[in-house]
Amino acid sequence: MASPPAKGVKVPALVLLASASAALLLFLLLPSLAPSSSCPASYLAAAGDQQMPYQIAPSADDVNWLRSQIHMNSLPDPSNTPGAWHSLRKGINPRTRSQQLEDLLKFKGISHYEDAGLNHTELPCPGELLVEEHHSNYGEPWAGGRDVFEFLAPAVSLQPSDLVLEVGCGTLRVGVHFIRYLDPGHFSCLERDELSLIAALRYELPSQGLLHKRPLILKGDDMDFSRFGVDNSYDLIYASAVFLHIPDQLVWVGLERLTFKLKPIKGRIFISHNIKFCWRIKEECPRRLERIGLGYIGNHTHDSLLFNHYEIWYEFRKHGK
Ligand SMILES: C[S@@+](CC[C@H](N)C(=O)[O-])C[C@H]1O[C@@H](n2cnc3c(N)ncnc32)[C@H](O)[C@@H]1O
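Residues numbered from 1 in each chain as written. Predicted model: local features only at pLDDT ≥ 70, side-chain atom pairs only at ≥ 80, totals over all residues.

### Some remarks on the nonpolar core
Core analysis: the biggest nonpolar cluster contains 49 residues, and Leu152, Val164, Phe178, Leu236 and Ile237 have the highest contact counts within it. A total of 5 residues in this core trace back to one element, the largest contributor, which is helix H6 (residues 144–155). When sequence neighbours within four positions are dropped, the list of residues in contact with Leu236 reads Leu152, Val156, Leu158, Asp162, Val164 and Arg268. (Core = buried A, V, L, I, M, F, W, Y, C linked by C-beta atoms within 7 Å. Buried ≥ 20, exposed ≤ 12 C-beta atoms within 10 Å, placed from the backbone. Helix = DSSP H or I, 4+ residues; strand = E, 2+ residues; numbered from the N terminus. Contact = placed C-beta atoms within 7 Å.)

### Some details on the site of the ligand
Taken together, 18 residues surround the ligand, and among them Gly168, Gly170, Arg173, Asp193 and Ser240 come closest. Split by residue class, the shell around the ligand holds 8 nonpolar, 5 polar and 5 charged. (Near = placed C-beta within 6 Å. Nonpolar A, V, L, I, M, F, W, Y, C, P; charged D, E, K, R; others polar.)

### As for the environment of Met223
Relative to the assigned elements, Met223 resides in the loop between strand S5 (216–219) and strand S6 (236–239). Under the C-beta neighbour-count criterion, Met223 is labelled partly exposed, with 17 such atoms within 10 Å. Sequence spacing of Met223 and Glu256 is 33 residues, and the spatial spacing of their C-alpha atoms is 9.8 Å. Those residues within four positions of Met223 in sequence are excluded, and the remaining contacts are Leu250, Val253, Gly254 and Arg257.

### Brief notes about the sheet that holds S5
Strand order in this open sheet of 7 strands is S5-S4-S3-S6-S7-S9-S8, and the pairing throughout is mixed. Because the sheet does not close on itself, it has two edges, and the strands there are S5 and strand S8 (294–302). Averaged over all pairs of adjacent strands, the angle between strand axes in this sheet comes to 15°, irrespective of strand direction. (Pairing = 2+ DSSP bridges. Axes fitted to C-alpha atoms, helices over the stretch in contact; angles between N-to-C directions.)

### Considerations on the pairing of S5
Bridging between strand S4 (residues 187–191) and S5 involves 4 bridges; their strand directions are parallel. Within S5, the position partnered with Glu191 by the bridge is Lys219. Once the chain exits S4 it traverses helix H8 (residues 194–207) before rejoining the sheet at S5, and the crossover so formed is right-handed. (Right-handed = clockwise from strand over helix to strand, strands pointing away.)

Here it is in structure tokens:
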């Protein structure tokens with residue numbers, strides 16, 4: 001027969017004292033034995049050889065977890081006809097985005113808040129922004145912005161204390177993710193389009209809770225980066241789907257000025273889609289790059305979880321440094 005569990009096990013006082021001292025010693029020693037980092041190990045994600053301070057891209061485990069949650073809730077695969085998809089729309093307000101815009105324009109126009117409080121709802125925000133029309137201003141999925149961030153940040157082992165400049169940030173589809181990750185005041189952008197700037201400032205920053213990050217977003221189309229300050233040099237400068245829309249001559253002017261603002265050794269310029277401004281002048285291109293002090297490193301094909309196609313990114317650094 002098994003004996004009943006002992007209720008009160010008696011331990012000699014000396015043994016108790018020795019165990020307590022050992023535990024205390026272990027407790028004091030443990031921090032110095034752990035790898036030196038201010039973050040818990042579970043927040044560190046490898047990016048090449050470098051460690052990033054937070055996990056940037058989802059791991060295979062994360063994606064498996066996501067699949068398990070979809071499965072656990074018996075959610076069907078997304079239907080492939082708009083009719084079937086919309087038939088899933090139920091609830092108290094099964095109205096489409098354009099119908100909701102109609103309501104907003106008819107009844108309120110701005111938001112449900114009547115009082116001017118000490119928050120962003122004080123700022124008039126057009127109904128078009130509230131139904132997020134600007135998420136499709138530049139085509140492609142809005143979610144692709146996260147994807148670009150998850151590619152670029154590890155590519156330069158970005159740290160929150162780094163400085164980032166985006167040329168043509170549009171409605172902040174990509175920018176919001178950098179702004180969230182970086183320290184306050186460490187993200188800047190030059191953007192020419194008024195509607196995009198209104199969407200970025202009146203809707204995206206407040207709705208994402210990012211006003212405290214104080215990004216410097218300036219209106220302009222002349223590649224004048226002097227307005228961002230004279231002393232700063234950037235760890236990352238990127239242009240996502242921008243340079244292909246700008247006349248070659250202006251791109252070269254911009255590149256020369258950007259090279260001047262790029263941090264030596266670590267700093268990188270990334271340009272997406274194509275570098276036709278370079279290809280169009282053929283063998284003159286390497287000489288011209290050299291003249292402005294820029295070195296071409298190579299290109300990356302970036303396939304993604306969120307985007308519906310791959311992208312090509314061209315990487316540059318300060319020449320010879
Ligand atoms: C295709 S959109 C891409 C927007 C954003 N980078 C994204 O990926 O969502 C191109 C952006 O470049 C901006 N742009 C075009 N020419 C510009 C210029 N000369 N200076 C600044 N921005 C410019 C446009 O206004 C637009 O917002």
